[in-house]
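In case you want the letters, here they are:
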Amino acid sequence: MTDRSPSAPSAAARPWSIRHRTALRLALAAAVLFALGGIVWRAVNSEAARGLLRRELASALAARIPGARIDGAVHVDPALHVIAAGVVVPGEPGAPPVVSIDRLVARPCFSALLRGRAAAASFRLEGVRIDAGPRGSALVGLVRRMRSARPESAERSNGARPAPLPDIRFAGLTLSGTLSRRPGSSIITLGPLDGRLRLSRPGERTDALAQVRFSQGGAGEARIRREGGRTSASLHLHGVAPGAIPSAIQGRLPVAMQGGTLSFDLDADRLEALDRGEARVSIGGSALVVRAGRLSEGPVGPLTGRASGRLRWDLSGAAVSFEDGRVELGEGGRTGADVRASFHGRPEARFSVDARASADWEALAKALPAALAPPPEAPALRGVLLARLSVSGPLRQRSRWTVEGDLDPSGLSPTVTAGAPGAERLDRPFTFHAPLASGGTRDVVIGPANTAFVPLNALPAYVVRAVTTSEDAGFYAHHGFDLSEVQDALARSGSHGRLRGASTISQQLAKNLFLSPERTLARKAREALATIALEAALPKRRLLEIYLNLAEWGPGVRGIGEAARHWFGKDARALTPKEACFLATVIPNPVKYERYRRRGALTDAWEERVRGLLLKLHATGAIDDEQLYLAWDAPLRFAGAPGPDEPLAPPAPP
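Just so it is clear, the model here is predicted, and its values are computed rather than measured.

Before going further, it helps to spend a moment on the overall build of the chain. In terms of regular secondary structure, the chain is built from 18 helices and 24 strands. Buried residues in the chain amount to 38% of all 654 residues. Across the chain, the fraction of contacts at a sequence separation of at least 24, relative to all contacts at a separation of at least 6, is 56%. By element, 57% of the accessible surface of the chain is carried by carbon and sulfur atoms, the whole surface being about 35800 Å².

See the structure below:
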């Protein structure tokens, strides 16, 4: 039997007793603190103490924020947090309050209390409403009043260390204001937001950090630093859902966002004023889904991209510029454009945009959603497309705009895979499914199997020249787009008229082959991409041959072969110069001009248009003097029209 001395407790007994003694001490300390806290809590929640506390808190707030008041009750909870209801910061006389707070919770700074000073370690604000006023003027005025009434200014002058600034947390904060000082301007409301605000003043510097979370999704962070009269700022928003964008701002946007997330980054090294400065900005979207009537008949997306550059603004001078800009689609930067833009509102609202694009075709097709991507039936391409476009002029006078640019598709080549539609199909006979006005389609073979098909080299040269001169004079010189024609169409359109007459033969062919007749921006974008694909995949002569044999020349009349039979009862190879010129003028609206065939003759105005085209053919050498002389007064007799001695039928109604 082992002898154990009471003076030598076992190893197991020693830690057990130590643990008990430590626990007992902690329990006693907690009990004392709880008792003292209870005593303090009961003491400060007496009616007299609450009144005194309310006056002291209101005085402290007014010292930091001129005019601030507490309209509700003040009490202390068991954790010694001071809680005030109905905190209001008034604005200018007659204006609504700048800040209204439903509930303010202040956590005391115990280290300051031990030194005999009443101070808050942090604030929690619940149900905060901020009315920033027109262009933030009310909020700016409040900041100026606070700056001029800093309570630590006396301490600074006496060399004393300024009191630390409390950490501020907020929940349910809404910020409202207007972008204009005009009465009746739309109010923009942002929120509700949850987050925190931290202020610090190391030395002569003031730092502010605000972090927010949007209830609809996303987060943001803003930093402001002021030192020696110089202010720098940064703002970063990420993962922001469309629902977090104020409705007043969404109403001003050209599209409604229905899905995806947005990001925004702004870094300003030096801000002269809120209405004047310079900053590096970046705006991005991930998996965005948007909708707009003019854009497309349905939603468009998902779309991912980013735009970044240096933004300069002077709101007092109504001037904004975007420099060193870069716009990219998709991931990896393989498709993008370098962009510069500017706007000046005085003395006349003018703008300029200059873009230089470099696009990897396969990356571009992958980055675009189906509503904007090249039609799957169009020739598939690979390689890099280069383009440049500049547009400038008075904002509200489209007829005075200047349009310049060029397209370089030399880096593109067709990619033909077995069984795939595209260049391989169009380079040989194929069937075109022509839509009918009554509904459904009609199959038109573009090839020798169709008795109405006419090879390009079988047509008289003046027939081909009449069509190109009337529809696309620069057909052989451009790469699918004729900006000089766009410039002329803008000049003819006036300020608000529709843009007419700028489509090239390649664009018309792309629309007829691959696209529906809907009039939306998405369709125009797809038409542009399909046009580039056609120009890169097929020679000009083949493009023109397809166009001449599938263009519409009347109700259900497709191709030059059917047109010659329908209008003149003859083979297209036997068309006269005047007949060719007439058919060329019919292309813009073949169904409408069917009335002339029913009537049996042209109007005087239409006769002049045909003669004008004859003169152009003569000037370019497509017809000689004798052909012009014979065609000038030659009558046009339409198939099925009344005989020479029969009266003409009245014109068909439009």
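According to the stated counting rule, one finds four cavities of 30 Å³ or more in the structure shown. Lining the largest cavity, in full, are Val 444, Val 445, Ile 446, Asn 450, Ala 452, Phe 453, Asn 549, Arg 558, Gly 559, Gly 561 and Glu 562. Secondary structure elements with two or more residues in the lining of the largest cavity: strand E22 (441-446) and helix H14 (559-568). Grouping the constituent residues of the lining of the largest cavity by class yields five nonpolar, four polar and two charged.

The geometry of a pair of packed helices is captured by two quantities: the angle between their axes and the separation between those axes. Closest axis-to-axis distance for the helix H9 (residues 461-471)/helix H15 (residues 577-586) pair is 9 Å, and the angle between their directions is 35°. Between H9 and H15 the crossing geometry is right-handed. Contacts between H9 and H15 pair Tyr 462, Val 463, Ala 466, Val 467, Ser 470 and Glu 471 from the former with Pro 577, Ala 580, Cys 581, Ala 584 and Thr 585 from the latter. Class assignment for the residues of the contact of H9 with H15 results in eight nonpolar, two polar and one charged.

We now examine the nonpolar core. Counting 87 residues, the largest nonpolar core has Leu 548, Trp 553, Ile 560 and Phe 582 as the members making the most contacts within it. When residues of this core are assigned to their parent elements, the largest contribution, eight residues, is made by helix H12 (residues 521-537). If near-sequence neighbours (up to four positions away) are discounted, Phe 582 is found in contact with Trp 567, Phe 568, Leu 602, Trp 606, Val 610, Leu 636 and Phe 638. Core analysis: the next-biggest nonpolar cluster, separate from the first, contains 29 residues, Val 82, Ala 84, Val 99 and Val 240 among them.

Another aspect to go through is the packing of aromatic side chains. This model, assessed by the stated rule, comprises seven aromatic pairs. Ring centres of Trp 567 and Phe 638 lie 5.5 Å apart, and the angle between their planes is 75°; this geometry places the pair in the edge-to-face category. Placement of Trp 567 in helix H14 and of Phe 638 in the segment after helix H18 (625-632) is noted, with a sequence separation of 71 residues between them. Neither Trp 567 nor Phe 638 differs from the other in exposure class; each is buried. Each residue in the set Trp 567, Phe 568, Phe 582 and Phe 638 is aromatic and connected to the rest through ring pairs, giving one cluster. The aromatic ring of Phe 475 is capped on one face by Lys 540, whose charged end is 4.5 Å from the ring centroid.

When you line up the elements, Asn 450 lands in the loop between E22 and H9. Excluding residues within four positions of it along the chain, Asn 450 makes contact with Val 444 and Val 445.

What follows is about the pattern of salt bridges. Considering all chains together, one arrives at 30 salt bridges under this definition. With a closest N to O distance of 2.9 Å, Glu 278 and Arg 310 form a salt bridge. Note that Glu 278 is positioned in strand E13 (residues 276-291) and Arg 310 in strand E14 (residues 300-314), a separation of 32 residues in sequence. Since its relative accessible area comes to 27%, Glu 278 is described here as partly exposed. The salt bridge involving Glu 608 is made with Arg 611; its shortest N-O contact spans 3.7 Å. Of this pair, Glu 608 and Arg 611 both sit in helix H17 (residues 604-619), three residues apart, roughly one helical turn.

This next bit is on H17. Two residues of an α-helix separated by three or four positions point the same way, owing to the 3.6 residues in each turn. The end-to-end C-alpha separation of H17 is 23 Å, in line with the 22 Å expected for 16 residues at 1.5 Å each. Residues of H17 that are buried: Trp 606, Glu 607, Val 610, Arg 611, Leu 613, Leu 614 and Leu 617. Buried residues of H17, viewed axially, fall in a sector of 160°; they line one side. Away from the buried face of H17 by more than 90 degrees, exposed residues Asp 604, Ala 605 and Ala 619 are located. Tucked inside the fold, the buried residues of H17 contact H9, H15, helix H16 (594-599) and H18. One or two steps after H17, the chain reaches Gly 621, where phi turns positive at roughly 85°.

Right, let's get into the layout of surface pockets. A probe as big as a water molecule, rolled over the atoms, marks out the empty space that is left. A volume near 280 Å³ is recorded for the second largest pocket. Lining the second largest pocket are 16 residues; nearest its centre among them are Ser 200, Asp 207, Ala 208, Leu 209 and Arg 223. Among the elements of the structure, strand E7 (188-200), strand E8 (205-214), strand E9 (219-227) and strand E10 (230-240) are those that each provide at least two residues to the lining of the second largest pocket. Take the lining of the second largest pocket: its biggest share by element is four residues, from E7. For the lining of the second largest pocket, the residue count by class is seven nonpolar, three polar and six charged.

Only one face of strand E21 (residues 430-435) is covered, namely the one carrying Phe 430, Phe 432 and Ala 434; the face carrying Thr 431, His 433 and Pro 435 has none of its residues buried. As judged from the six bridges shared by E21 and E22, these two strands associate in the antiparallel manner. What sits directly across from Ala 434, in E22, is Arg 442. Linkage of E21 to E22, two consecutive antiparallel strands, is achieved through a turn of five residues, within which Gly 439 is found at a positive phi near 105°.

Take unusual backbone geometry next. Residue Pro 302 follows Gly 301 across a cis peptide bond; omega there is 0°. Of note, Pro 302 is situated in strand E14. Note the cis peptide between Arg 346 and Pro 347, where omega equals -5°. Here Pro 347 shows up in the loop between strand E16 (335-344) and strand E17 (350-360). Of note in the backbone geometry, Ala 287 takes a positive phi value of approximately 55° without being a glycine. Along the chain, the position of Ala 287 falls in strand E13. On the accessibility criterion, Ala 287 (35% relative accessible area) is partly exposed.

Cut-off values and rules
Residues numbered from 1 in each chain as written. Predicted model: local features only at pLDDT ≥ 70, side-chain atom pairs only at ≥ 80, totals over all residues. Heavy atoms only, no water. Helix = DSSP H or I, 4+ residues; strand = E, 2+ residues; numbered from the N terminus. Buried < 20%, exposed > 50% of the residue type's maximum accessible area, 1.4 Å probe, protein only. Contact = heavy atoms within 4.5 Å. Areas by Shrake-Rupley, 256 points an atom, 1.4 Å probe, with all protein chains shown as cover. 1 Å grid on protein atoms, 1.4 Å probe; cavity = no way out; pocket = protein on both sides within 12 Å on 5 of 7 lines; lining within 4 Å. Points joined across faces, edges and corners; volume = space filled by probe spheres on them. Nonpolar A, V, L, I, M, F, W, Y, C, P; charged D, E, K, R; others polar. Axes fitted to C-alpha atoms, helices over the stretch in contact; angles between N-to-C directions. Left-handed = near helix turned anticlockwise from the far one by under 90°. Core = buried A, V, L, I, M, F, W, Y, C linked by side-chain atoms within 4.5 Å. Phe/Tyr/Trp six-rings, centres within 6.5 Å; stacked < 30°, edge-to-face > 60°. Lys NZ or Arg CZ within 6 Å of the ring centre and 35° of its normal. Salt bridge = Lys/Arg side-chain N within 4 Å of Asp/Glu carboxyl O. Expected span 1.5 Å × (residues − 1). Arc of directions from axis to C-beta. Pairing = 2+ DSSP bridges.

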